[in-house]
Amino acid sequence: MGNADYKYPEAGAECPHRVEVPPPQPFTKSLKTSLKETFFPDDPLRQFKNQPASRKLVLGLQYFFPIFEWAPRYTFQFFKADLISGITIASLAIPQGISYAKLANLPPILGLYSSFVPPLIYAMMGSSRDLAVGTVAVGSLLIASMLGNEVNANEQPQTYLHLAFLTTFFAGVFQASLGFLRLGFVVDFLSHATIVGFMGGAATVVCLQQLKGILGLDHFTQGTDVISVMRSVFTQTHQWRWESGVLGCCFLFFLMLTRYFSKRRPKFFWISAMAPLMSVILGSLLVYLTQAERHGVQVASACPTNPDRPIIHVGPPQNQYVVGPAELDNSDWWIGNLKKGLNPPSVSDLPFGSSYLPTAIKTGIVVGIIAMAGFHRRFSYHQEGIAVGRSFAMFKNYHIDGNKEMIAFGMMNIVGSCTSCYLTTGPFSRSAVNFNAGCKTAVSNIVMAVAVMFTLLFLTPLFHYTPIVVLSSIIIAAMLGLIDYDAAIHLWHVDKFDFIVCMAAYLGVVFGSVEIGLVLAVAISLLRVLLFVARPRTLVLGNIPNSKLYRSVDQYPAASTVPGVLILEIDAPIYFANASYLRERILRWIDEEEDKLKSAGESSLQYVILDMGAVGNIDTSGISMFEEVKKIMERRDLKLVLANPGGEVMKKMNKSKFIEELGQEWIYLTVEEAVGACNFMLHTCKSKATTDDSSMV
């Protein structure tokens, strides 16, 4: 970097262009434009323009219920593909639903209920052709952790169950509200690094908690941190059941082997999809034939007899059913011996007057955000909800409206909370199977719901002998895919701060709790956003040899600075939060440049050009900062020059009279024009000074 090789442009070679002030607009028009850009960037109402009232009604129905749009074009060929896809994802949904409900400390039958009603709602209101709806492990863990801090699922099972329904209701209300109000961008505050760390930490915690089922332990800690879990495991070594451990390791190996095989040979994706259901069937047969429950292998129907156990009733009297035990020893919920039938209504079980209402609202908001987070990494196991649908839509070249998806998710959770379901979203693993199976439309969700309905009506007694260890193995196999080592390594190589955010979330979840990890990661992410706003970059620009381009001298070491001129680029909008910092930073750049010129014995600094191309907006604090900088520079015999200010910046500087104070002649369209004008003034002043000296002689 230097100015020895700088070539001066020919003075007056080009007439500089005037920087115009945008024509004034009425306040109402400006406000309307701003609101439209903020809440309707995709202009969803354009299809309604110039349409008759009847057509607008049809388009409105198709917008909120996309099934009315694609159903008339549905063919038998589509149905055959959707039938195969639906049966395939049902084989995955049934064992996963049972396992994830157990993870949420809820009756496993609720996992089946949640795979029946919500998919039907999404098939009518969802816009993704590939998304498969169901429960997810991380959402289940959040419910267990956040509700479990207030209500013990074993001591107060009925209260806990009702709070789970209420949490699902508020999650749905929150999701639908974001969709209706076009506030989907709120979800983007969960950065990619935050999600990688949070999901990895949650998966680690879930895997450790499944040691209870793998080792056949009767008593286990309620804590989710790794220290509590490991203490609970190793203080009960005398109660470890080797039969259960061997069986669990065998099924876990089987599940991981099928996943590995399906990844190596994508044509056989159905093998890994069928593996969980096959594990449940094989495990149940093994227990039944060998009577393994008598040898330390816990089964899903096992419940220590306790005549004082409170019975939990859900729904109206004719449909009441027992949902689980209430022993203080943290025994598992069981599946068998339940009344066969479809989802009983649970509207009357939503405790809006409960003293735990704030807890349900808080938990609903958190799990609602996690369930629909728009994570931007394509095809990663930590995706859920909207991001999954967008990933598959990209491959099939169709569009998904994120806000419309939020409405669909919200409505299926609201309806689900009234029909004995808990939180549902679009899990990646199930959606990937649906996609690979060749689904064509959301009818695959309807087929899955019908398969689950058939299970609820006729097959629930068959789960009587399901080993708990098999359910634990299914959960561990699913969770291992959530720990994205490659993403963490990628963050380390690309952005160390993102890696810190990721590890903060991971360590917060593993050594604290899911709430601590999430809060810590979001806090660090928001701190980074504030630092970006409050500490914007300022760069010194130089001329790239043999061109008219001016770029950062740090990025282009060969760029030469202009003698007597300091060119600075401000790389962010100027607001009250960064105005003071920019004032101090600009003055520091000037001091450093003057010291450098003085030590090199070169000509003194005369002009400071500020490249405003990246300054999209400015507020009154920013304008006051410019006024202060101008006054300080004038006292030091320096001239402030602005280059490439945007329309919004020019409009506000014009209204504040700063343009009049600075002078329109010192505002240029490009850095090149500003440098040319400054050089012209420098040469003119120098020539005039030389002429005056000659005349005096």
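On to the confidence of the model for the chain, then. Summarising the model, the chain shows a mean pLDDT of 81, and 85% of its residues fall at 70 or more. Low pLDDT (under 50) marks residues 302–338, which in the prediction has 99 contacts with non-local residues, meaning those over four places away or in another chain. Note on residues 374–383: pLDDT is under 50 here. Beyond four places in sequence and across chains, it has 39 contacts.

Another aspect to go through is a nonpolar patch on the surface. A cluster of nonpolar side chains, contributed by F261, F268, W270, M274, M278, I281, L282, L285, Y288 and L289, occupies part of the molecular surface with about 950 Å² of accessible area. Residue contributions to the nonpolar patch peak at 8 residues, all from helix α13 (residues 269–290). The class of Y288 is exposed, set by a relative accessible area of 52%.

To continue, consider the pattern of salt bridges. Evaluated as defined, the whole model comprises 12 salt bridges. The salt bridge partner of R528 is D498, with a shortest N-O separation of 2.7 Å. Of the two residues, R528 is situated in helix α22 (residues 514–534) and D498 in helix α21 (residues 496–511); the sequence distance between them amounts to 30 residues. The class of R528 is buried, set by a relative accessible area of 16%. Close ionic contact of D591 with R636 constitutes a salt bridge, the shortest N to O distance being 2.6 Å. A residue pair is termed long-range when its members are at least 10 positions apart, and D591 in helix α23 (residues 579–600) and R636 in the loop between α24 (620–635) and β5 (639–643) qualify at 45 residues. Note on D591: relative accessible area 33%, which makes it partly exposed. A relative accessible area of 29% places R636 in the partly exposed class. Several salt bridges share partner residues, and in doing so they unite D495, D498 and R528 into one network.

Take the nonpolar core next. Ranked by internal contacts, the top residues of the largest apolar core, which has 102 residues, are L142, F198, Y422 and M479. With 11 residues, helix α8 (residues 157–180) is the single largest residue contributor to this core. Those residues in contact with F198 that sit more than four places away from it in its chain are V138, L142, I370, A505, V509, V514 and L518. Ranked by size, the runner-up nonpolar core spans 52 residues in total, among them Y607, I618, F658 and W666.

Conventions adopted
Residues numbered from 1 in each chain as written. Predicted model: local features only at pLDDT ≥ 70, side-chain atom pairs only at ≥ 80, totals over all residues. Heavy atoms only, no water. pLDDT = per-residue confidence, 0-100. Contact = heavy atoms within 4.5 Å. Patch = residues over 30% accessible without salt bridge, like charges linked within 9 Å, V, L, I, M, F, W, Y side chains within 5 Å. Areas by Shrake-Rupley, 256 points an atom, 1.4 Å probe, with all protein chains shown as cover. Salt bridge = Lys/Arg side-chain N within 4 Å of Asp/Glu carboxyl O. Helix = DSSP H or I, 4+ residues; strand = E, 2+ residues; numbered from the N terminus. Buried < 20%, exposed > 50% of the residue type's maximum accessible area, 1.4 Å probe, protein only. Core = buried A, V, L, I, M, F, W, Y, C linked by side-chain atoms within 4.5 Å.

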